[in-house]
Number of protein chains: 2
Amino acid sequence: MTITQLHYVLAVAEHKNFTLAAEKCFVTQPTLSMQIQKLEEELDIIIFDRSKKPISLTEVGEKIVTQAKNIVNEAGRIKDIVDQQKGYIGGEFKVGIIPTIMPTLLPMFLNNFIHKYPKVNLIIEENTTEEIITKLKNGHLDCAIAATPLEEENIKEIVLYYEPFVAYIPENNINYSKKEIDINDLDNDNILLLQDGHCFRNGILNLCKNNKFLEDGGFHLESGSFETLIKLADEGLGVTLLPYLHTLDLNENNKAKLRNFVDPKPAREVSLIYPKNELKIHIIEALRNTISGVVRGAIAFQNVEIISPKLK
Amino acid sequence: MTITQLHYVLAVAEHKNFTLAAEKCFVTQPTLSMQIQKLEEELDIIIFDRSKKPISLTEVGEKIVTQAKNIVNEAGRIKDIVDQQKGYIGGEFKVGIIPTIMPTLLPMFLNNFIHKYPKVNLIIEENTTEEIITKLKNGHLDCAIAATPLEEENIKEIVLYYEPFVAYIPENNINYSKKEIDINDLDNDNILLLQDGHCFRNGILNLCKNNKFLEDGGFHLESGSFETLIKLADEGLGVTLLPYLHTLDLNENNKAKLRNFVDPKPAREVSLIYPKNELKIHIIEALRNTISGVVRGAIAFQNVEIISPKLK
DNA sequence: TCATCTTGATAAATTATTTTGATGCAAATA
DNA sequence: TATTTGCATCAAAATAATTTATCAAGATGA
């Protein structure tokens, strides 16, 4: 069994077609046929059922493919180790970002970064915190941006910035008239939050433990976007909290309903997180510097005294 | 990079000697030299510092070796998949057992098992519950025996038996005169327990929540063996609890101090646990049957009504 | 139904890689 | 200085991978 053979197997499994898979592997079709036959012979099992159209995996084949992916993935990390040693800033670099950070932060640094490090092939994906942790640990992500602290084993966190929350108070609410809000003022309101998995929620729940929402769960909202939350708040269903960077894009009408918190402001800690093995530490450092640079201007002036909750 | 090359690298890393490593790989020394050179050339780094005696790993070399182990380990699982498919009962089979189960259970089934399945190369190691979980997940163990329930993701549990606890009451204790003990009778005693990590401890703490030991922690004992606990109890430092199978080996003097619990007896659930992928399920089933057979005779007659605590 | 197309298997020739036995060379040992 | 130890090197031999050309089975479609 060779790593090459496993690559061939994966290609056929993906394309369900020997000829096409061969092209993708930059070899001729007989090469693929032969090598896969050799592997099947060595293992004395059949991986592909060639009688079906399109070609399908046998039951064992499925398992072999799953494991082959693991092996190939692990093998790929050898290159990462070497790149790290050489201080090479380039190659594939996969970053996970949680949904509530993605739309505001990404545009701020993306252009900057790809121009500064053109050799890096940046691959960004939106993931929940939970997905991020799994993928960091199994190597499907090189680093991620999420709300912290997570205190996960084998994962390191470098704080990028503290982002204060801003209250969004609809007009009919008794707190609307206040210029600034204390977190305890909201004790009697429904606080509309994002669905679980969007870790933003965890960030707030711990701050207002006396809130009705938590006590009796008058109603349970599982919205996926701040836009929905704002509309629901406008309907008089409660108040909501928005991370500062999100409030910058609101229209004037909505901005009028924003109220800053008095110090100490509730805030979320946003960090760059990555596996302890520090395989791509050079690229991670590059990313950190880029983000720090652009973010400083955007939120540094906000005098954030943190009530950073212990997440999850 | 080939899997063979990685094997060669690991062999040299282990033996610190090309000639010896070559022997272990059943190839000649030039083969090893060439292949490792080829790999070093491909990666454009040096793995081994040949100037030192004995040969040593470079800094990158260390990392490469660590990763090579992962790759080789993952590659080895392909064989497991195939074996599983073929229902083959044989090959290497690694079992972890927690310290408080090892000495009593192992002798009961070991002989039986290795005679019944001579093709299985059984490798037993003593591990804490925590180690077991890690090793099951990363494939360094095929299955394990531990106190349950653990409720760990990706790990399955099959209960082997329920083992009742027996109280060990020193003579000076007020409970000594009782023929049977109620768990609540011990509320005012120090209960001597094994150190953390030995999961036996978790099994008891939840049962007697009012115990002084927990309330004020008059003193904290971190003993590693039941023998020590028994001696400390004899010194008048408290009472201790022993799993039933352990009590069978005590001397007469000690046995006199044992008191059964009244129903419902506290008990620990002992299970065979293994990864959800069920890679070696046939061997695991074989092991389960063997253990069930021998254990039934030993503790089935104990009318165990379980207070099985939820473990950590 | 019959020609045609698609697609994987096979054969033979070619090319590339791996392994080996013989030997060299440097450093340690005695 | 002679000897041993241990890795590197080399060229020949053995093995293995790849390719080109071709085939055969099943699908497609006129």
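Everything below is about the structure printed above this text.
Because the structure is predicted, anything quoted here is derived from the model rather than measured. (Residues numbered from 1 in each chain as written. Chains lettered and ligands numbered in written order. Predicted model: local features only at pLDDT ≥ 70, side-chain atom pairs only at ≥ 80, totals over all residues. Heavy atoms only, no water.)

Engineer: Sorry, what's going on with the relation of the copies chain B and chain A here?
Structural biologist: One copy of the chain maps onto the other through a rotation about an axis followed by a shift along the same axis. With an axial shift of 0.0 Å and an RMSD of 0.2 Å, the rotation relating chain B to chain A amounts to 179 degrees. Those values place the two copies in the arrangement expected of a two-fold rotation axis. Counting the interface residues of chain B, we find that 100% of their copies in chain A are interface residues as well, pointing to one common contact surface. (Least-squares fit on C-alpha atoms with pLDDT ≥ 70 in both. Contact = heavy atoms within 4.5 Å.)

Engineer: What am I meant to see in the protein's contact with DNA strand D here?
Structural biologist: DNA strand D sits among 17 residues. The nearest are T28(A), T31(A), K38(A), T19(B) and R50(B). The sugar-phosphate share of atoms of DNA strand D within 4 Å of the protein amounts to 77%. In the environment of DNA strand D, a phosphate oxygen lies 2.8 Å from a nitrogen or oxygen atom belonging to the side chain of T19(B). At 2.3 Å, a side-chain N or O of R50(B) approaches a phosphate oxygen of DNA strand D. When grouped by side-chain class, the residues that make up the surface near DNA strand D number six nonpolar, eight polar and three charged. (Near = heavy atom within 4 Å. Polar contact = N/O pair within 3.5 Å; in protein donor to acceptor, adjacent residues only side chain to side chain. Nonpolar A, V, L, I, M, F, W, Y, C, P; charged D, E, K, R; others polar.)

Engineer: Help me understand the interface of chain B and chain A in this model?
Structural biologist: By convention, interface size is frequently given as the accessible area that disappears when the constituent parts associate. Each partner contributes residues to the interface: chain B has 22 residues there, and chain A has 22 residues. Buried surface at the junction of chain B and chain A, both sides included, amounts to about 2,200 Å², of which 73% is carbon and sulfur. Seen at the junction of chain B and chain A, the total is two salt bridges. For K86(B), the salt bridge is made with D44(A), and the minimal N-O distance between the two is 3.7 Å. At the boundary of chain B and chain A, one finds six residue pairs in polar contact (both at pLDDT 80 or more). Per-class residue counts for the side of chain B that touches chain A are twelve nonpolar, five polar and five charged. (Buried area = accessible area lost by both parts, 1.4 Å probe. Salt bridge = Lys/Arg side-chain N within 4 Å of Asp/Glu carboxyl O.)

Engineer: What's the story with the protein's contact with DNA strand C in this structure? I'm lost.
Structural biologist: Every one of the 17 residues lining DNA strand C counts as a neighbour, but T19(A), S33(A), R50(A), T31(B) and K38(B) are closest to it. Sugar plus phosphate: this is where 77% of the atoms of DNA strand C within 4 Å of the protein reside. Contact distances for DNA strand C include 3.3 Å between a phosphate oxygen and a side-chain N or O atom of Q37(A). In the environment of DNA strand C, a phosphate oxygen lies 2.8 Å from a nitrogen or oxygen atom belonging to the side chain of T31(B). Among the elements of the structure, α2 (18-24) and α3 (29-43) of chain A together with α3 (29-43) of chain B are those that each provide at least two residues to the surface near DNA strand C. The residue makeup of the surface near DNA strand C, split by class, is six nonpolar, eight polar and three charged. (Helix = DSSP H or I, 4+ residues; strand = E, 2+ residues; numbered from the N terminus.)

Engineer: Just to check I follow, could you spell out the packing of aromatic side chains for this structure?
Structural biologist: Each aromatic ring pair is characterised by the separation of its centres together with the angle its planes make. Tallying each qualifying case throughout the model produces four aromatic pairs over all chains. The interplanar angle of 70 degrees and the centroid separation of 6.1 Å between the aromatic rings of F18(B) and F48(B) together place this pair among those described as edge-to-face. Note that F18(B) is positioned in helix α2 (residues 18-24) and F48(B) in strand β1 (residues 48-49), a separation of 30 residues in sequence. Take F18(B) and F48(B): they sit in the same class, and that class is buried. Centroid distance F113(B) to Y117(B): 5.0 Å. Interplanar angle 45 degrees. Geometry classified as tilted. Here F113(B) matches Y117(B) in class, with each residue buried. Across from the ring centre of Y176(A), 4.7 Å away, lies the NZ or CZ of R259(A), which sits over that ring. (Phe/Tyr/Trp six-rings, centres within 6.5 Å; stacked < 30°, edge-to-face > 60°. Buried < 20%, exposed > 50% of the residue type's maximum accessible area, 1.4 Å probe, protein only. Lys NZ or Arg CZ within 6 Å of the ring centre and 35° of its normal.)

Engineer: For this particular structure, what's the right way to read helix α4 (residues 59-86) of chain A?
Structural biologist: Spacing of three or four residues puts side chains on the same side of an α-helix, whose turn is 3.6 residues. With 28 residues, α4(A) extends 42 Å between its outermost C-alpha atoms, agreeing within 8% with the 40 Å of an ideal straight helix rising 1.5 Å per residue. Once α4(A) finishes, G87(A) follows within two positions and takes phi at roughly 70 degrees, a positive value. (Expected span 1.5 Å × (residues − 1).)

Engineer: I would appreciate a short explanation of the environment of G293(B) in the present structure.
Structural biologist: With respect to the element layout, G293(B) can be found in helix α12 (residues 281-299). Separated by 185 residues in the primary sequence, G293(B) and M108(B) have C-alpha atoms spaced 9.9 Å apart.

Engineer: What should I look at first to understand the packing of helix α1 (residues 3-15) of chain A against α4(A) in this one?
Structural biologist: A pair of packed helices is captured by two measures, namely the crossing angle of their axes and the spacing between those axes. Residue and element names in this part refer to chain A. Between α1 and α4, whose axes approach to 10 Å, the crossing angle comes to 125 degrees. As summarised for this structure, α1 and α4 are arranged oblique, according to the angle between their axes. Remark: the crossing between α1 and α4 carries left-handed chirality. Note on element contacts: α4 touches α1 through V65, A68, K69, I71, V72 and A75, opposite I3, L6, H7, V9, L10 and A13. Taken together, the residues that form the contact of α1 with α4 break down as ten nonpolar, one polar and one charged. (Axes fitted to C-alpha atoms, helices over the stretch in contact; angles between N-to-C directions. Parallel < 35°, antiparallel > 145°, perpendicular 65-115°, else oblique. Left-handed = near helix turned anticlockwise from the far one by under 90°.)

Engineer: What should I look at first to understand the side chain of T100(A) in this one?
Structural biologist: All names here are of chain A. Following the sequence through the fold, T100 ends up in the loop between β3 (91-97) and α5 (102-116). Relative accessible area serves as the criterion here: at 3%, T100 is assigned to the buried category. At 2.8 Å, the side chain of T100 and the side chain of R268 are in polar contact.

Engineer: Looking at this structure, I do not really get the environment of D263(B). What am I missing?
Structural biologist: Residue and element names in this part refer to chain B. On the secondary structure map, D263 appears in the loop between β10 (258-261) and β11 (267-275). Owing to a relative accessible area of 37%, D263 belongs among the partly exposed residues under this scheme. Separated by 31 residues in the primary sequence, D263 and L232 have C-alpha atoms spaced 27 Å apart.

Engineer: Explanation requested: α5(A) in the structure shown.
Structural biologist: Residue and element names in this part refer to chain A. Between its terminal C-alpha atoms α5 stretches 20 Å, which fits the 21 Å expected from 15 residues at 1.5 Å a residue. At F109, α5 shows its strongest bend, of approximately 35 degrees. Those residues of α5 lying buried are M102, T104, L105, L106, F109 and F113. (Bend = angle between axes of the 7 residues up to and from the residue.)

Purely spatial values, then, with no claim about function.
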